[in-house]
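Analysis of the macromolecular model
Spelled out from the first residue to the last, the chains are:
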Amino acid sequence: MSANHRHPALLSTDPELASFVTAEETLQAETLRLIPSENYVSAAVLEASGTVLQNKYSEGYPGRRYYEGQQNIDRVEALAVERAKGLFGVDHANVQPYSGSPANLAVYLAFAKPGDTVMGMALPMGGHLTHGWGVSATGSWFRGVQYGVRADDGRIDYDEVRDLALKERPKILFCGGTALPRTIDFEAFASIAAEAGSILVADVAHIAGLIAGGAHPSPADHVDVISTTTHKTLRGPRGAMLMCREEHAKAIDKAVFPGLQGGPHNQTTAGIAVALHEAAQPSFTAYAHAVVANAKALAQALLGRGFDLVSGGTDNHLILMDLTSRGVPGKVAAKALDRAGIVVNYNTVPFDPRKPFDPSGIRIGTPSLTSRGLTAAHMPVVADWISRAVDAAAASDEAALTVIRSEVTTLMSAHPAPGLPLS
Ligand SMILES: *Cc1c(COP(=O)(O)O)cnc(C)c1O
């Protein structure tokens with residue numbers, strides 16, 4: 001067993017921890033992962049992220065570091081930067097932010113002072129914590145004003161955003177979010193930001209892979225700064241990037257280092273470089289379009305089974321389901337689905353009458369299942385499982401969940417995941 005264990009050194013040094021990793025590999029292999037912010041990185045990204053680049057300190061930027069011995073690290077980071085610039089069509093890229101939240105904090109540091117007004121989408125409407133929401137530092141150190149979506153169709157009302165922006169004149173205006181099933185109109189935001197005199201930030205954490213693959217319009221020509229994580233649809237390691245026009249390059253770089261961070265995580269930078277290389281291949285363009293095709297097919301199949309979807313469907317990788325009409329709270333449904341081998345997260349829906357920790361909806365998405373080669377033809381099966389599991393949750397029918405779990409395991413074992421051992 002230990003000879004062909006995937007992590008022989010880990011197994012011999014720390015068998016307890018090794019057993020957790022192995023169990024997680026099994027869980028990721030056997031389950032249908034529908035959390036829209038998750039994915040499977042390739043074996044190559046996994047390898048790059050676990051190298052001795054880990055051992056190196058390199059505060060600064062390529063060619064201007066505060067530590068010696070950067071011959072190789074500089075090449076790694078410069079390669080990641082060049083690939084990011086090429087893939088997203090931007091003048092400047094900073095690949096050092098530790099994750100999406102610190103990347104956004106760097107944007108505040110670059111362009112605002114504590115107490116300044118900033119504007120973003122409200123968290124319960126689909127925005128991100130770091131867009132000025134109260135419990136986040138970005139909402140307590142800055143004055144966050146928030147826009148939402150229309151009650152009748154679940155979409156952004158650009159006239160309302162404009163009115164609010166002209167009234168509040170935010171220093172920074174964020175577009176993008178974590179639970180937005182519809183295309184973001186970057187041009188509309190750009191004209192609002194220009195009128196209001198705001199720095200416009202497109203936070204494309206969720207949709208970066210779709211943009212790279214041409215399955216969502218690019219913000220590159222319309223915004224001041226693009227902020228993104230690297231680990232969602234982009235299918236890289238956990239990390240983030242900030243991209244901008246030349247005029248903002250200095251401010252962004254200074255904010256990331258030395259403003260907020262010390263040494264960059266070079267092993268992550270290497271993984272990002274590999275992921276960007278993969279995302280530039282024609283197969284990734286096909287992947288991005290397949291993610292969207294799968295999400296649309298899944299939305300159609302769910303509507304056909306009587307589910308209510310926020311905004312009535314999806315344009316991207318993400319579907320927000322309102323379970324009110326099924327009589328099951330989101331958390332109860334999410335936990336039942338988990339027992340059935342289908343991993344989702346419970347989520348607020350716009351104008352949710354329930355509390356954030358016990359909301360009305362669940363949020364699902366297709367990046368992970370598409371990475372395993374599932375196609376639109378599988379989506380009716382997936383919708384059936386979800387429907388049966390939600391009904392089973394309502395009826396407290398554990399046996400039904402067990403049956404679904406075995407069906408899920410059978411299908412997933414026929415579709416091995418990138419980066420995981422074959423079971
Ligand atoms: C995921 C996400 C982030 C934060 O990323 P972390 O890496 O979890 O800090 C920021 N903004 C948006 C829109 C996101 O979806």
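Preceding block: the structure.
Anyway, here's the lowdown on the structure attached to this text. (Residues numbered from 1 in each chain as written. Predicted model: local features only at pLDDT ≥ 70, side-chain atom pairs only at ≥ 80, totals over all residues. Heavy atoms only, no water.)

**Brief notes about the site of the ligand**
- Surrounding the ligand, one finds 13 residues, the nearest of these being Ser 99, Ser 101, Asp 203, His 206 and Lys 232.
- One of the side-chain N or O atoms of Ser 99 is found 2.4 Å from an oxygen atom in the ligand.
- In this structure, an oxygen atom belonging to the ligand sits 3.0 Å away from a main-chain N or O atom of Gly 100.
- Contact with the protein chains removes 86% of the 380 Å² of surface that the ligand exposes when unbound. (Near = heavy atom within 4 Å. Polar contact = N/O pair within 3.5 Å; in protein donor to acceptor, adjacent residues only side chain to side chain. Areas by Shrake-Rupley, 256 points an atom, 1.4 Å probe, with all protein chains shown as cover.)

**Section: the pairing of strand E12 (residues 318-322)**
- Of all five residues in E12, five are buried, a share of seventy percent or more.
- Along E12, one buried face is formed by Leu 318, Leu 320 and Asp 322 and the opposite face, lined by Ile 319 and Met 321, is buried too.
- Of the strand pairs in this sheet, strand E11 (residues 308-309) and E12 are connected by two bridges, and their pairing is antiparallel. By the bridge assignment, Leu 309 is partnered in E12 with Met 321.
- Sheet topology note: the E12/strand E15 (residues 361-365) ladder contains five bridges and is antiparallel. When the bridges of E15 are listed, Met 321 appears paired with Ile 362. (Buried < 20%, exposed > 50% of the residue type's maximum accessible area, 1.4 Å probe, protein only. Helix = DSSP H or I, 4+ residues; strand = E, 2+ residues; numbered from the N terminus. Pairing = 2+ DSSP bridges.)

**Describing the packing of aromatic side chains**
- Here the structure, examined in full by the defined rule, presents nine aromatic pairs.
- Aromatic pair Tyr 57 and Tyr 67: ring centres 5.3 Å apart, planes at 20°, arrangement stacked. Placement of the pair is Tyr 57 in the loop between helix H3 (43-49) and strand E2 (60-61) and Tyr 67 in the loop between strand E3 (64-65) and helix H4 (71-88), with a sequence separation of ten residues.
- Tyr 67 sits in the partly exposed class, given a relative accessible area of 32%.
- Note on Phe 284 and Tyr 287: the rings are 5.3 Å apart at their centroids and 50° apart in plane angle, and the pair reads as tilted. In this pair, Phe 284 and Tyr 287 are both assigned in helix H12 (residues 282-304), three residues apart and thus about one turn of the helix distant. (Phe/Tyr/Trp six-rings, centres within 6.5 Å; stacked < 30°, edge-to-face > 60°.)

**Concerning the pattern of salt bridges**
- Applying the stated criterion across every chain yields a total of 19 salt bridges.
- The closest approach of N and O atoms between Asp 157 and Arg 150, which form a salt bridge, is 4.0 Å.
- The buried category is assigned to Asp 157, whose relative accessible area is 19%.
- For Glu 195, the salt bridge identified is with Arg 162, shortest N-O distance 2.7 Å. Of the two residues, Glu 195 sits in helix H8 (residues 186-196) while Arg 162 sits in helix H7 (residues 158-168), which places them 33 residues apart along the sequence.
- Arg 162 gets classed as partly exposed once you look at its relative accessible area, which sits at 32%.
- Put simply, Arg 65, Asp 74 and Glu 77 are held in one network by salt bridges that share partners. (Salt bridge = Lys/Arg side-chain N within 4 Å of Asp/Glu carboxyl O.)

**Observations regarding the sheet that holds strand E6 (residues 143-147)**
- Taken in spatial order, the seven strands make up an open sheet running E4-E10-E9-E8-E7-E5-E6, and their pairing is mixed. Where the open sheet ends on each side, the last strands, each with one partner, are strand E4 (92-94) and E6. The average undirected angle you get between the axes of adjacent strands in this sheet is 20°.
- Here H8 sits on the sheet and contacts E6, strand E7 (172-175) and strand E8 (199-203); the angle it forms with E7, its principal contact strand, is near 170°.
- Along the sheet face, helix H10 (residues 246-260) touches E4, E8, strand E9 (225-229) and strand E10 (240-244) and points at about 150° away from the line of E10. (Axes fitted to C-alpha atoms, helices over the stretch in contact; angles between N-to-C directions. Contact = heavy atoms within 4.5 Å.)

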